[in-house]
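# What the coordinates show
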Amino acid sequence: MQYTERIQKLESEGAYVVLAKAKELERKGKSIIHLQIGEPDFDTPKNIIDAAIKAMQSGQTHYAPSAGVPEAREAAAEYLSKTRGITITPEQTVIMPGAKPFIYCGVTALVNEGDEVIVPNPGYPPYRSVVKFVGGKPVSLHLREESDFRFKIDEFRSLITPKTKMVIINSPGNPTGGILQMEDLEAIYFEAKKHDLWVLSDEIYSRMLYGDQKFYSIASIPGAMERTICMDGMSKTYAMTGWRLGFAAMPKKLAEYFFTLAINNFSTTTTFSQWGMIEGLRGPQDAVDKMIAEFTKRREVIINGLNAIEGITCKKPLGAFYAFPNITGTGLTSQEFADLMLEEGGVACLSGTAFGEYGEGYIRFSYANSIENINEALKRISNVLAKRKASVAK
Ligand code: PLP
């Protein structure tokens, strides 16, 4: 049987591959600490669950409009307007099953075969995968540790060609935890406008910030919404990964193409889930604040712990919930390090190269796990490296 060339260009995600390996080891009786997962380990706040149950019980179990339940679009528009400091109308707002479909739909609607798309590297794997799937060319912008994993604007500028159609930005970033500052966004927008580029701004970690860090959105820049998909969602902020709820603002004409893509693909996002989302966005936010406070404590533990291990250095991530340490001092490649930790230490983590070639020399640890487990993982990592050092010295 034959398969399309297109489908063979789609890539999987490292996290799923490692999860499968880790589960297999667990099945054989090995104890595994899961630091590969990109999802909060907290439960969805009760008020959100209650709202969805109530919706289900009151008959919200039928198809919703493809664009989303009108009240959910209103709530998302209200939330985006408030958090980005601009006016977003419900007509500009689309609800989808997770934030991820905005990447697929956005690239499908805007990137022609042969077009180039500038993507962060290391960066979230679906960006480059989906661009390749539609016949486009992902062009990597190297996010460097010495620049706090921000865009280096002169490098960004040098990557723009007449074929460039889109730039994808992600702040706070996965896997680096880096944040784009307003001056970065202004420079990106300046170039986007000059070269008539679309901007896909993945803002799924917009509430996951530490200390006095502030979140900036390119959507806040006057005029930017003419060429921007500003995407966010419920998965991370409200611990709702399994609910599949994302929302985005975009130009009205583009939103109409998104509805058509939805109609041809999944019809609609789950109706009663969207009632949970309305409660999440409009209801009390104390559960989110509590989660961030807990992530802040875990961040201290994991970053201090990693920096205390010989061969590893780790900058403090400014946002999201990933540590992205430099492991070059261990003498291992990223993949060797990740394999060794899983097989010998029982610590599941991701090689930086799962996020592109510029992730070499780094590992992504998710700290969506308890402090107790993080401490145990740190002990195991340290022991595995010490054992390896002793055996190499023999
Ligand atoms: N964008 C980034 C940068 C992510 O890290 C993730 C999930 O890991 C997503 C989008 C997808 O979010 P969702 O689960 O809402 O589809």
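Heads up: the structure comes first, above all this text.
A brief structural summary. Quantities reported herein were computed from a predicted structural model and do not represent experimental measurements.

Moving on, we come to the sheet that holds strand β11 (residues 350-351). The strand order across the open sheet built from three strands is β9-β12-β11, with neighbouring strands paired in antiparallel fashion. Pairing within the sheet leaves two strands with one partner each, and these edge strands are β9 (322-323) and β11. Both β9 and strand β12 (residues 363-366) contribute to a ladder of two bridges, which runs antiparallel. Bridge pairing in β12 places Y322 opposite S366.

Looking now at the nonpolar core. Counting residues in hydrophobic clusters, the biggest one holds 92 residues, and the most contacted among them are F337 and F365. In contact with F365, not counting residues within four places along its chain, are L35, I302, L306, F321, Y322, A323, P325, F337, V347, C349 and I381. Formed by 24 residues, the second largest nonpolar core is a distinct cluster that contains L141, A187, A192 and V199.

Turning our eyes to something else, we now look at the state of the cysteines. Scanning all chains against the criterion turns up zero disulfides. Note on C230: no disulfide assigned, nearest cysteine sulfur contributed by C105 at a separation of 16 Å. Here C314 stays unpaired: no disulfide links it, and the sulfur of C349, its closest cysteine neighbor, is 12 Å away. On the accessibility criterion, C314 (8% relative accessible area) is buried.

With that settled, consider the sheet that holds strand β7 (residues 228-233). Strand order in the open sheet made by the seven strands is β2-β8-β7-β6-β5-β3-β4, with mixed pairing throughout. With one partner strand each, in any of the chains shown, β2 (93-96) and β4 (137-142) form the two edges of the open sheet. Strand-to-strand twist across the sheet, computed as the mean angle between neighbouring axes with direction ignored, equals 20°. The pairing of β2 with strand β8 (residues 246-249) spans four bridges and is classified as antiparallel. Following the sheet pairing, V94 is matched in β8 by A248. Here helix α5 (residues 100-110) sits on the sheet and contacts β2, β5 (164-170), β6 (198-202), β7 and β8; the angle it forms with β2, its principal contact strand, is near 125°.

How each quantity is defined
- Residues numbered from 1 in each chain as written.
- Predicted model: local features only at pLDDT ≥ 70, side-chain atom pairs only at ≥ 80, totals over all residues.
- Heavy atoms only, no water.
- Pairing = 2+ DSSP bridges.
- Helix = DSSP H or I, 4+ residues; strand = E, 2+ residues; numbered from the N terminus.
- Core = buried A, V, L, I, M, F, W, Y, C linked by side-chain atoms within 4.5 Å.
- Buried < 20%, exposed > 50% of the residue type's maximum accessible area, 1.4 Å probe, protein only.
- Contact = heavy atoms within 4.5 Å.
- Disulfide = S-S within 2.5 Å.
- Axes fitted to C-alpha atoms, helices over the stretch in contact; angles between N-to-C directions.

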